[in-house]
Every structure is written in structure tokens, then in C-alpha cells.
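Spelled out from the first residue to the last, the chains are:
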Amino acid sequence: MDSLIPFTTSGSLVDCVDRKMMVVLRDGRKLIGVLRSYDQFANLVLEDTVERIYHADVFAERWQGLYLIRGENVVLLGEIDLDQEDEIPLRQVEWKVLEPYHKQDVATKKHRDEFKAGVLYEEKGFCKEGGEGDGY
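Let me sum up the structure you'll find in this document. (Residues numbered from 1 in each chain as written. Predicted model: local features only at pLDDT ≥ 70, side-chain atom pairs only at ≥ 80, totals over all residues. Heavy atoms only, no water.)

## Some words on the packing of aromatic side chains
At step 1: Enumeration over the complete set of coordinates arrives at 1 aromatic pair.
At step 2: Ring plane angle 40° and centroid distance 6.4 Å describe the contact between Y54 and F59, whose orientation is recorded as tilted.
At step 3: By relative accessible area, F59 is classed as buried at 5%. (Phe/Tyr/Trp six-rings, centres within 6.5 Å; stacked < 30°, edge-to-face > 60°. Buried < 20%, exposed > 50% of the residue type's maximum accessible area, 1.4 Å probe, protein only.)

Have a look at this one:
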């Protein structure tokens, strides 16, 4: 009977080792790399890692190499479908071209989130606890 209960811990990552994965972090960064190792705290080791940023219908990647990620910073972990990876409807551009637009997007989102938190605090009685990236 216990064998029918799915893994809900870091043990469920065993099938993901040596596969290309995308990791979304609490601060919004998106990393793509090959999962090489993990531990009981869901700390991850990614190899051949790139950081990817998006704006409109374009994206850019920056090489990061070997990457160690603390488990508490992981929001989402998903496998990249290698058969469909090259069929994404986005155009790749240089990092230095896209970075200013991405930084503006991040600043706009931060401003919008601060405004929203202020309204929730003042009008609805919500608290202002939490820090950067705690929106997840």
C-alpha cells in the first residue's frame, strides 16, 4: 500500500537526476541546467547552467556553469522537453541587448508589488511582513 503513495519530499527528485531542468527562484531568476545532485533539503546542483531572461517575444541567456541552489529558494522545478526545446516561438538575442529591458521589467514589477502591498495593508489590514522574493 505504501508503494502507491507518491513521493512528496526531495526523494521524488531521483528521476530528475541527469536531466535538463528549469528552476525558477524566489527572486524571479530562471536557471536552466542539468540536475546532477540534490540532498534532503532540496538543495540542487546544476551543471552547464544558463540564466535566461525574457522580454516580449525575445529571450537571452548568460552562461553560469556549475550552480549550487539552496532548496528554500526554489519556487518551481521542471524538466525541459528536449523534443520541443528548439520549437519555442521566441527569438534569442544577446544578453547585453535585452538586459536593460529586463531590468526595467523587474523594477516595474517591484513597484507594482509595493503598491499592492500598501493597498492591502492600508485598506484590508494585511501585514507588511516578508522580504524580497516572498511573493511566492
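Now, onward.
## Some words on unusual backbone geometry
At step 1: Although it is not a glycine, A42 adopts a positive phi angle of roughly 65°.
At step 2: By relative accessible area, which is 24% here, A42 ends up partly exposed.
At step 3: Positive phi outside glycine occurs at D48, with the angle close to 55°.
At step 4: Relative to the helices and strands, D48 is located in strand 3 (residues 44-55). (Helix = DSSP H or I, 4+ residues; strand = E, 2+ residues; numbered from the N terminus.)

## Some details on the pattern of salt bridges
At step 1: Applying the stated criterion across every chain yields a total of 10 salt bridges.
At step 2: For R29, the salt bridge identified is with D27, shortest N-O distance 2.8 Å.
At step 3: The class of D27 is partly exposed, set by a relative accessible area of 39%.
At step 4: It is possible to trace a salt-bridge network through shared partners that takes in D18, R36 and E47. (Salt bridge = Lys/Arg side-chain N within 4 Å of Asp/Glu carboxyl O.)

## Comments concerning the pairing of strand 2 (residues 30-38)
Working note: regular strand, side chains alternate between the two faces of the sheet.
At step 1: Sheet analysis places strand 1 (residues 20-25) next to strand 2, joined by 5 bridges and oriented antiparallel. Its bridge partner being in strand 2, M21 is matched across the sheet by G33.
At step 2: The antiparallel pairing of strand 1 with strand 2 creates a hairpin that spans 4 residues between the two strands, and G28 there sits at a positive phi of about 95°.
At step 3: Of the pairings in the sheet, the one linking strand 2 to strand 3 comprises 7 bridges and is antiparallel in character. Among the inter-strand pairings, V34 is bridged to a residue of strand 3, identified as E47.
At step 4: Where strand 2 hands over to strand 3, the hairpin turn is made up of 5 residues, of which A42 adopts a positive phi near 65°. (Pairing = 2+ DSSP bridges.)

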